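One letter stands for each residue in the lines below.
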Amino acid sequence: MTSAGRFAPSPSGELHVGNLRTAILAWLFAKSSGRDFLLRVEDLDRARSGAEAEQLRDLQAVDVRWDAAVVRQTERADLYAAAIERLTAEGRTYECFCTRREIQEAPSAPHAPQGAYPGTCRRLSHAEREIRRSTRPASIRLRSDVSEWAVEDQLRGQYVGVVDDFVLRRNDGVTAYNLAVVVDDAAQGIDQVVRGDDLLPSTPRQAYLAQLLGLPAPEYAHVPLVVNHDGVRLAKRDGAVTLSDLAAVGIPAERVRDLILESLRLPAGTLEEALPRFRPQELPGEPWVWKTPRV
């Protein structure tokens, strides 16, 4: 199987400049290392009608192209179910009946982040599970046998993060992100993951899960985000930050692409033209503060 990098947006709305910058970076990382570049639509939930088509259009408008057909998570339920069945057969899962509020209010282990699962349902007896099933549906959690896991990041070096008994399948039957992303990357031959550094804390969970499933963990590169003038991660509420909003004020997609490349210390132009100058070690290490350019 050919090695590949990828971009994997959730079709919840239009991509903004921060999303597009990450997509361009993922393309540059993949192509500069001789990999294919793939696109996966992570549509397990929060999908908005028409959003996928908008996102594909906007990626192409800033010169991002992919090397195979688009893959959608909603078409891959059998793969996720098989992974959970394997973990269950090995005694590595259990049912959880806790609400989000109960988890937030429960005492957690020392040094564990807020919201880390405290293990409330880990040791329920068969009778206790039967009682709880009658009142609410269960999610499926991983029975982790570690409390932390280390990953190596191309830009950040070694990162050690908390691994708790995280959810594999939600109580509404939807596969959780941490499982789906691990299964998808392995199935697609993706051995390089480039994404925003806000996702770094979840990476140890994913690398640990890959190890349990006998899957290779990819190389990681977590890139700085695009932020607004307050230093907060860019969002639609920050004004003209999508291609359609920017086009409405006279700024074409090609100009947005050039601004993104300039923020990466690369020459304006097509991505193919910028590729020979791309050096991961020369990327800015700080977030890019977005300012809508004047026409």
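Right, let's walk through the structure included here. Every value quoted in this text rests on a predicted model; they were computed, and no experiment measured them.

The rules behind each value
Residues numbered from 1 in each chain as written. Predicted model: local features only at pLDDT ≥ 70, side-chain atom pairs only at ≥ 80, totals over all residues. Heavy atoms only, no water. Phe/Tyr/Trp six-rings, centres within 6.5 Å; stacked < 30°, edge-to-face > 60°. Helix = DSSP H or I, 4+ residues; strand = E, 2+ residues; numbered from the N terminus. Buried < 20%, exposed > 50% of the residue type's maximum accessible area, 1.4 Å probe, protein only. Lys NZ or Arg CZ within 6 Å of the ring centre and 35° of its normal. Pairing = 2+ DSSP bridges. Axes fitted to C-alpha atoms, helices over the stretch in contact; angles between N-to-C directions. Core = buried A, V, L, I, M, F, W, Y, C linked by side-chain atoms within 4.5 Å. Polar contact = N/O pair within 3.5 Å; in protein donor to acceptor, adjacent residues only side chain to side chain. 1 Å grid on protein atoms, 1.4 Å probe; cavity = no way out; pocket = protein on both sides within 12 Å on 5 of 7 lines; lining within 4 Å. Points joined across faces, edges and corners; volume = space filled by probe spheres on them. Nonpolar A, V, L, I, M, F, W, Y, C, P; charged D, E, K, R; others polar. Salt bridge = Lys/Arg side-chain N within 4 Å of Asp/Glu carboxyl O.

**A few points about the packing of aromatic side chains**
Taken as a whole, this structure holds 3 aromatic pairs when the rule is applied. Centroid distance W149 to Y208: 5.1 Å. Interplanar angle 55 degrees. Geometry classified as tilted. With a gap of 59 residues between them, W149 in strand β6 (residues 148–153) and Y208 in helix α7 (residues 203–212) connect regions that are remote in the sequence. Geometrically, the ring pair formed by W288 and W290 is edge-to-face, given 5.5 Å between the ring centres and 80 degrees between the ring planes. Pair check on accessibility: W288 and W290 agree, each one buried. It is R141 that lies over the ring of Y117; its NZ or CZ is 3.6 Å from the centre.

**Observations concerning the sheet that holds strand β8 (residues 167–169)**
With respect to topology, 3 strands assemble into an open sheet ordered β4-β5-β8, the strand pairing being antiparallel. At either margin of the open sheet sits one strand with a lone partner, and together these are β4 (93–96) and β8. Sheet twist, expressed as the mean angle between neighbouring strand axes with direction ignored, is 45 degrees. Pairing of strand β5 (residues 139–142) with β8, which is carried by 2 bridges, proceeds in the antiparallel orientation. Paired with I140 across the strands is R169, a residue of β8.

**Let's talk about the nonpolar core**
Grouped together as the largest cluster of nonpolar side chains are 45 residues, with contacts concentrated most on I24, L59, V64 and W290. Among the elements of the structure, α1 (17–32), β2 (36–41), α2 (51–61), β10 (219–223), α8 (243–248), α9 (253–263) and α10 (271–274) are those that each provide at least two residues to this core. If you tally residues by element for this core, the top one is α1, at 10 residues.

**Let's talk about the side chain of N178**
Looking at the secondary structure, you find N178 in helix α6 (residues 177–187). Here N178 falls in the buried class, since its relative accessible area comes to 13%. Within the local environment of N178, its side chain forms a polar contact with the side chain of Q206, the two groups lying 2.9 Å apart.

**Let's talk about the pairing of β5**
Judged by which residues are buried, β5 turns out to be covered on both faces: S139 and R141 on one side and I140 and L142 on the other are all buried. Relative to β5, β4 runs antiparallel, the two being bridged by 4 bridges. Looking at the pairing, E95 lines up with I140 of β5.

**Structural notes on the environment of I103**
On the secondary structure map, I103 appears in helix α4 (residues 100–105). It is 8.4 Å that separates the C-alpha atoms of I103 and T120, two residues lying 17 residues apart in sequence.

**Structural notes on empty space enclosed by the protein**
One pass over the structure, following the stated rule, counts 1 cavity of 30 Å³ or more. The calculated volume of the largest cavity comes to roughly 30 Å³. Lining the largest cavity, in full, are R21, L25, V223, P224, L264, L283 and P284. Here the lining of the largest cavity is built from residues that sort into 6 nonpolar, no polar and 1 charged.

**What to know about the pattern of salt bridges**
Enumeration according to the criterion identifies 27 salt bridges in this entry. Residues R156 and D197 are paired through a salt bridge, measuring 2.3 Å at the closest nitrogen-oxygen approach. With R156 in the loop between β6 and β7 (157–162) and D197 in the loop between β9 (192–196) and α7, this pair connects stretches of sequence that are 41 residues apart. Because the salt bridges share partners, they merge into one network encompassing R6, R40, E42, R76, D184 and D185.

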